[in-house]
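# Fold and contact review
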Amino acid sequence: MTETRISITLDETRFPDMELTLRIMRLATLWRTRLDRALRPHGMTMALMRPLAYLTMLPSGSTQSDLACAMNVDSSALVRVLDMLEKQGLVSRHPDRQDRRAKRLVLTQAGQAQCALFHQIATRLEHENRAALPPENITALITGLTTLLASPDIPPETPADTGSACPDQEPTHAP
């Protein structure tokens, strides 16, 4: 199915000095929507694949709190998604030997296979998205985004926010 995109002109001058913010917001939405559409024929969604992808990048046996911290979400918000992933046989939870309250998360073989398929789909989409840019621009973009994500100068959350999902740590702004 061919994706049709309607181009709507936005007057970004109404938000002076926010060129980067507006473009990152729009690109994140567009990228996530395209990825979600590519995943759906395989019975996957970004809501379920995101925790699996993060678990792939975390050490095996990380806790639910570790995952919440990496994803920059509240641990209690993650419980429902983990319940669904466990029910589908993609993740298993094991009690922590040192802390009875903590659960250790392990990707099952089915979860690893699902992540491998996710990786193939997301890689194909990334290559399609990269086609619009020359290779040297891609390298510069990745470097710039990496620098922004790693910046310790990101201002703290506003008081209205729930705060950091990571104990003893300032709130993070992970992808």
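## Digging into the nonpolar core
Counting 28 residues, the largest nonpolar core has Leu-35, Leu-39, Leu-52, Leu-67, Leu-85 and Phe-118 as its most contacted members. Elements with a contribution of two residues or more to this core: α1 (19–39), α2 (46–57), α3 (64–71), α4 (75–87), β2 (103–107) and α5 (109–130).

## Considerations on the confidence of the model for the protein chain
Interpreting fine coordinate detail is not advised for predicted regions of low pLDDT. Residues of the protein chain with pLDDT of at least 70 account for 84%, and the chain-wide mean is 85. Here helix α6 (residues 135–150) stands out as the least confident element of the protein chain, with mean pLDDT 92; α5 is the most confident, with 96. Here residues 158–163 is a poorly scored stretch, pLDDT under 50, and it has one contact once near neighbours within four places are set aside; other chains count. Here residues 170–175 scores under 50 on pLDDT; set against residues more than four positions off or in separate chains, the count is 20 contacts.

## Notes on a nonpolar patch on the surface
Taken together, the side chains of Leu-20, Ile-24, Leu-133, Leu-141, Leu-145 and Leu-148 present a nonpolar region at the surface, about 500 Å² in accessible area. The set of elements that each furnish at least two residues to the nonpolar patch consists of α1 and α6. Per-element accounting of the nonpolar patch gives the leading share, three residues, to α6. Along the polypeptide, Leu-145 turns up in helix α6. Leu-145 sits in the partly exposed class, given a relative accessible area of 36%.

## Quick look at the pattern of salt bridges
Going through the model one piece at a time under the given rule, you end up with 11 salt bridges. Here Arg-14 and Asp-11 are joined by a salt bridge, their closest N and O atoms 3.4 Å apart. The partner of Arg-23 in a salt bridge is Glu-12, with the nearest N and O atoms 3.0 Å apart. A residue pair is termed long-range when its members are at least 10 positions apart, and Arg-23 in helix α1 and Glu-12 in the segment before α1 qualify at 11 residues. A residue is classified by how much of its surface remains accessible, and Arg-23, at 45% relative accessible area, is partly exposed.

Rules of the game
Per chain, residue numbering runs from 1 following the sequence as it is written. For a predicted model such as this one, the threshold for reporting local features is a pLDDT of at least 70, and the threshold for listing and counting side-chain atom pairs is 80 or more; totals across whole chains, interfaces and linings nevertheless cover every residue. Hydrogens and water are ignored here; the side-chain numbers use all heavy atoms of the structure. Here, nonpolar core refers to any group of buried Ala, Val, Leu, Ile, Met, Phe, Trp, Tyr and Cys residues whose side-chain atoms link them within 4.5 Å. Partly exposed describes any residue whose relative accessible area lies between the buried limit of under 20% and the exposed limit of over 50%, with all areas from a 1.4 Å probe on protein chains only and scaled to the type maximum. Numbering goes from the N terminus for both helices and strands, where a helix is a DSSP run of H or I of at least four residues and a strand is a run of E of at least two. Values of pLDDT, which run from 0 to 100, indicate the predictor's confidence residue by residue. Contacts are assigned to residue pairs that have any heavy atoms within 4.5 Å of one another. Residues form patches when they are more than 30% accessible in relative terms and have no salt bridge. Like charges link within 9 Å. Nonpolar side chains (Val, Leu, Ile, Met, Phe, Trp, Tyr) link within 5 Å. Accessible areas in this description were obtained via Shrake-Rupley with a 1.4 Å probe; residue shielding takes into account the shown protein chains only. Between Lys or Arg on one side and Asp or Glu on the other, a salt bridge is scored when a side-chain nitrogen of the former is within 4 Å of a carboxyl oxygen of the latter.

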